[in-house]
Amino acid sequence: MTKLRVALFATCLTDTLYPDTGRAVLRLLERLGCEVDFPLEQTCCGQLHYNTGYYDHARPLASDYAAAFAGYDYIVAPSGSCGGMVREIHPSLCGTTPAVERTYELSEFLVDVLGVTDVGAYFPHRVTYHPTCHSLRMLKVGDKPLRLLRTVRGLELTELPGAEQCCGFGGTFALKNAETSTAMLTDKMRSVQDTGAEVLTAGDNSCLMHIGGGLSRMRSGVRTVHLAEILASTEEEPWVPATR
Amino acid sequence: MGARNPVTWLGSPTFPKAAHTALADTQLRSNLRKATTTIRAKRAGVVAELDDWERLRLAGAAIKDDVLANLDTYLVRLEESVTACGGVVHWARDAAEANQIVLDLVRAEGADEVVKVKSMATAEIGLNEALEAGGVHAVETDLAELIVQLGHDRPSHILVPAIHRNRAEIGEIFRGQMTEPPASDEPADLAEAARRHLRRKFLSAKVAISGANFAVADTGSVVVVESEGNGRMCVTLPETLITVMGIEKLVPTWQDLEVFLQLLPRSSTAERMNPYTSVWSGVTPGDGPRKFHLVLLDNGRTATLADEVGAQALRCIRCSACLNVCPVYERTGGQAYGSVYPGPIGAILAPQLAGDMRDKQAASLPYASSLCGACYEVCPVRINIPEVLTQLRSEVVAAKGKRTPEALAMAAAAWVFADPKRYEAAQKAGSLSRLLARDGTISWLPWPGSKWTSTRDFPAVPKESFRAWWRRTRG
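**Structural notes on the overall build of chain A**
- Regarding its fold elements, chain A presents 13 helices and 8 strands.
- The C-alpha atoms of chain A give a radius of gyration of 17 Å, which matches the 18 Å a tight globule of 244 residues would have.
- Counting only residues that meet the buried cut, chain A has 61% of its 244 residues in that class.
- A separation of at least 24 residues holds for 78% of the contacts in chain A among residues at least 6 apart in sequence.

Below, the structure written as structure tokens:
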């Protein structure tokens, strides 16, 4: 059987700030039998510009994405937000391209394309899951991340109250309406702490950066770890915290 | 012509400034959290009962899109059918024209007091203030509107304009304003006091003013949907009835009401059916008002219709479901939006009706959202509010020009992202931020990063990006 040719769309945020997440996706997909490439032509999907109203800057970035990822069977992003930008918004900016149609958020790719929910992971921690807005409402990934988490050995999953409420990140919203954003963040952090979890996970490093930034400021002791890093973790090669 | 559109309140601060004040009001935060949490759960419950909800939403959107695409035809048809059943139709280009028409009609009846059915269109044009200036006192008869009016307050919600008030505050307002004050702050006593206060008004008023939830082009029937029955009193007791209706409120046929009378109550009050649905077609001798006037209001609607993406805001049936699920609205309340249309729908409707993206307050509204999409998910007519928000942001950006600090930063970022080599160089430069970090986190950044670091840490940029690692190990 020929291996699936998968391109990793790391997203600019993960590429720049969270390389461990990129390595985790790579390890996970290779463990599941994929041949993974990282096309170096990729940069940003244009979401920052689009969401802030700079459509003229977003358009060429959407075209560049289509060119960078042409020719792969699947394109996998560890982000519901950037994946949603590509699938739901790119067609309005540069038309429907093969790259748009072949783009998947990680949990969608694992469950829908590879057909797995047990990826052989081991993560002996108490974890709660925040379903990020764009995963939930743009891509509609539903309970796929939870189905993956439930099969992780050693992992104790606790339900996050008010899980579907936004954490208040919203890209430039966090700067333009910093106080409202912080009010939303405060309520989200309280919910996270109420679960008693050691780790908060999600499918988007952007939301985790926001909630994690607040939790870190509060010295809360709760860590934020991307879903990919939990799924990549095994007994032989357990997850280790990032060093910066 | 040329007068300021009162859809946004004169002198209102921009959204972030108004939010700053609202967020500090702990009573407001607690009132809103309680109210929105309750209504959210109730709505989800009654919507889940219908297995064809998604098809109803599609039908609602399709009917409204047809109306908007053929507005000219349907409006003329409505005028003909209303006239045929004895009503008089008036056309108003803007708020000033509509207010003048209504004032003249009231004066012609020799009335100095009118009773009002809760209406967004008349609130949008500032009708009460215009009537007052013309010597006519308008009495709001919807309980929540009455609370706002007696409290000399502004509305903060489309459906429940006094949602920001709790019952102790309402009791306080009533005691200060009513000749027969409420016996206590219990809801039944408050309602009884309002009932006595209003009953006298209903029986003495010669003229009533209403809005319209729908108007049927084919039959000339006007529909008002409400919960309290006060609207029913207004549209049946006085001799003259004046309805002010936005031109987008019509539906082509009687049958179309079937869709909306299912969508609206479940989305707004979380009821399967609303208690009072009043429908009238012109005048009927010996039954109800003897004179009926319909004022068709544009006030920025045809201009909104011209915006290919923004026009979908005109599908709105004013249900408030988007307000009740919005995490921003829940925390700031409605008055922060500076318009009778608050929340997500207000953020896309008010600036479009106002029609001037150079206005700082209106231009701040499309940014009052984290684009979480909860509003789109519940909208009974599938208005893609996030899509319109970003579209309006692009219009604000165009109005501000290319020289703002933000525009320059965005241009620089686009230039970096346009070339993988420049992008990688920027990552390397960014990793110098580690110098600001302690234990891998940065707790202080200069402006505008300070807006982030005032409440959150920021991760230091690692020495090696993912792509640098890939190139080193796999390249």
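**Some thoughts on the sheet that holds strand β8 (residues 223-226) of chain A**
All names here are of chain A.
- Strand order across the open sheet formed by 4 strands is β6-β5-β7-β8, with parallel pairing between neighbours. Sheet topology places β6 (156-158) and β8 at the edges, where each strand pairs with a single neighbour. When strand polarity is set aside, the average angle formed by the axes of neighbouring strands in this sheet is 35°.
- Here strand β5 (residues 126-129) runs beside β6; their pairing, made up of 3 bridges, is parallel. The residue of β6 that forms the bridge with Thr128 is Thr158.
- On the sheet, helix α12 (residues 205-217) packs against β7 (199-202) and β8 and is oriented at approximately 170° with respect to β8.

**Considerations on the environment of B:Pro420**
- With respect to the helices, strands and loops of the structure, B:Pro420 is situated in helix α21 (residues 420-430).
- Residue classification places B:Pro420 among the partly exposed residues on the basis of 17 C-beta atoms within 10 Å.
- The spatial distance from the C-alpha of B:Pro420 to the C-alpha of B:Gly355 is 40 Å, given a sequence separation of 65 residues.
- Each residue touching B:Pro420, except ones within four places of it in the same chain, is listed here: A:Leu40, A:Glu41 and A:Thr43.

**So, the nonpolar core**
- A:Val76 and B:Val114 are the most contacted members of the largest nonpolar core, which has 226 residues in total.
- Top element by residues in this core is helix α16 (residues 343-354) of chain B. It accounts for 7 residues.
- Summarising the domain contributions, this core has at least three residues from each of domain 1 (5-113) and domain 2 (126-232) of chain A.
- For B:Val114, the contacting residues outside a window of four places in its chain are B:Val106, B:Val136, B:Ala138, B:Val139, B:Ala205, B:Val207, B:Ala208 and B:Ile209.

**Points about the domain arrangement of chain A**
Residue and element names in this part refer to chain A.
- Per the domain assignment, the segments making up chain A are domain 1 (5-113) and domain 2 (126-232).
- Taking only C-alpha atoms into account, the centre of domain 1 sits 21 Å from that of domain 2.
- Across the contact, 27 residues belong to domain 1 and 23 residues belong to domain 2.
- Where the side of domain 1 that touches domain 2 is concerned, the elements lending two or more residues are α1 (12-17), α2 (19-31), α3 (47-52), α5 (80-94) and α7 (106-113).
- Tallied by class, the residues present in the side of domain 1 that touches domain 2 amount to 11 nonpolar, 10 polar and 6 charged.

**As for the interface of chain B and chain A**
- Counting residues at the interface gives 56 residues for chain B and 49 residues for chain A.
- The residue makeup of the side of chain B that touches chain A, split by class, is 32 nonpolar, 15 polar and 9 charged.

**Details of α2(A)**
All names here are of chain A.
- Helix length check: α2, at 13 residues, gives a terminal C-alpha distance of 18 Å against a target of 18 Å (1.5 Å per residue), a fit within 8%.
- Looking at α2, one finds that the buried residues are Pro19, Asp20, Thr21, Gly22, Ala24, Val25, Leu26, Leu28 and Leu29.
- Looking at the residues trailing α2, positive phi occurs at Gly33, about 95°.

**Description of the packing of helix α11 (residues 178-194) of chain A against helix α1 (residues 15-23) of chain B**
- Close contact between α11(A) and α1(B) brings their axes to 8 Å; oriented N to C, the two are set at 40°. Regarding the angle of α11(A) to α1(B), the classification is oblique. The segment α11(A) lies against α1(B), with A:Glu179, A:Thr180 and A:Ala183 engaging B:Ala19, B:His20 and B:Leu23.
- Here the contact of α11(A) with α1(B) is composed, by residue class, of 3 nonpolar, 2 polar and 1 charged.

**Side note on the pairing of β5(A)**
- Alignment of β5(A) against β7(A), held across 3 bridges, turns out to be parallel. Each residue of the ladder has a partner; that of A:Val127, found in β7(A), is A:Val199.

**Side note on the pairing of β8(A)**
- Note: β7(A) against β8(A), 4 bridges, orientation parallel. Bridge pairing links A:Ala202 to A:His226 in β8(A).

**Thoughts on the packing of α11(A) against α12(A)**
All names here are of chain A.
- For the pair α11 and α12, interaxial distance at closest approach is 10 Å and the crossing angle is 75°. Taken together, α11 and α12 sit at an angle that is classed as roughly perpendicular. In this structure, α11 contributes Leu185, Lys188, Met189 and Val192 to the contact, and α12 contributes His210, Ile211, Gly214 and Leu215.
- Tallied by class, the residues present in the contact of α11 with α12 amount to 5 nonpolar, 2 polar and 1 charged.

**Remarks on the sheet that holds strand β2 (residues 35-37) of chain A**
Residue and element names in this part refer to chain A.
- Spatially, the 4 strands line up as an open sheet ordered β2-β1-β3-β4, and their pairing is parallel. Looking along the sheet, the strands with just one partner apiece sit at the ends: β2 and β4 (103-105). When the angles between neighbouring strand axes are averaged without regard to direction, this sheet yields 35°.
- The pairing of strand β3 (residues 74-77) with β4 spans 3 bridges and is classified as parallel. Paired with Ile75 across the bridge in β4 is Thr103.
- Sheet contacts for α2: β1 (5-8), β2 and β3; angle to β1, the most-contacted strand, approximately 170°.
- Each of β3 and β4 is contacted by α5, which is oriented at about 150° to β4, the strand it contacts most.

Cut-offs applied
Counting of residues starts from 1 at the beginning of each chain's written sequence and follows it residue by residue. Lettering of chains starts at A and numbering of ligands starts at 1, both following the order in which they are written. It should be noted that, the model being predicted, local features are given only for residues of pLDDT at least 70 and side-chain atom pairs only at 80 or more, the latter also being counted only at that level, while totals for whole chains, interfaces and linings use all residues. Numbering of helices and strands runs from the N terminus; a helix is a DSSP stretch of H or I covering at least four residues, while a strand is a stretch of E covering at least two. Computation of the radius of gyration draws on C-alpha atoms, with the globule rule given as 2.2 Å multiplied by the number of residues to the power 0.38. The exposure label follows from counting other C-beta atoms within 10 Å of a residue's C-beta, where the C-beta atoms are placed from the backbone and the thresholds are 20 or more for buried and 12 or fewer for exposed, leaving partly exposed in between. Placing C-beta atoms from the backbone, we regard two residues as in contact once those atoms come within 7 Å. One requirement defines pairing of two strands: DSSP has to find at least two bridges between them. Convention adopted: a line fitted to C-alpha atoms gives each axis, helices being fitted over their contacting stretch, and angles between N-to-C directions are expressed from 0 to 180 degrees. Among buried residues, those of type Ala, Val, Leu, Ile, Met, Phe, Trp, Tyr and Cys that are joined through C-beta atoms within 7 Å form a set called a nonpolar core. Each domain's extent was defined by an automatic or database domain assignment. Amino acids outside the nonpolar list (Ala, Val, Leu, Ile, Met, Phe, Trp, Tyr, Cys, Pro) and the charged list (Asp, Glu, Lys, Arg) are all regarded as polar, and Gly is one of them. Working rule for helices: expected span equals 1.5 Å times residues minus one. An angle counts as roughly parallel when it lies under 35 degrees, as roughly antiparallel when it exceeds 145, as roughly perpendicular when it falls between 65 and 115, and as oblique in every other case.

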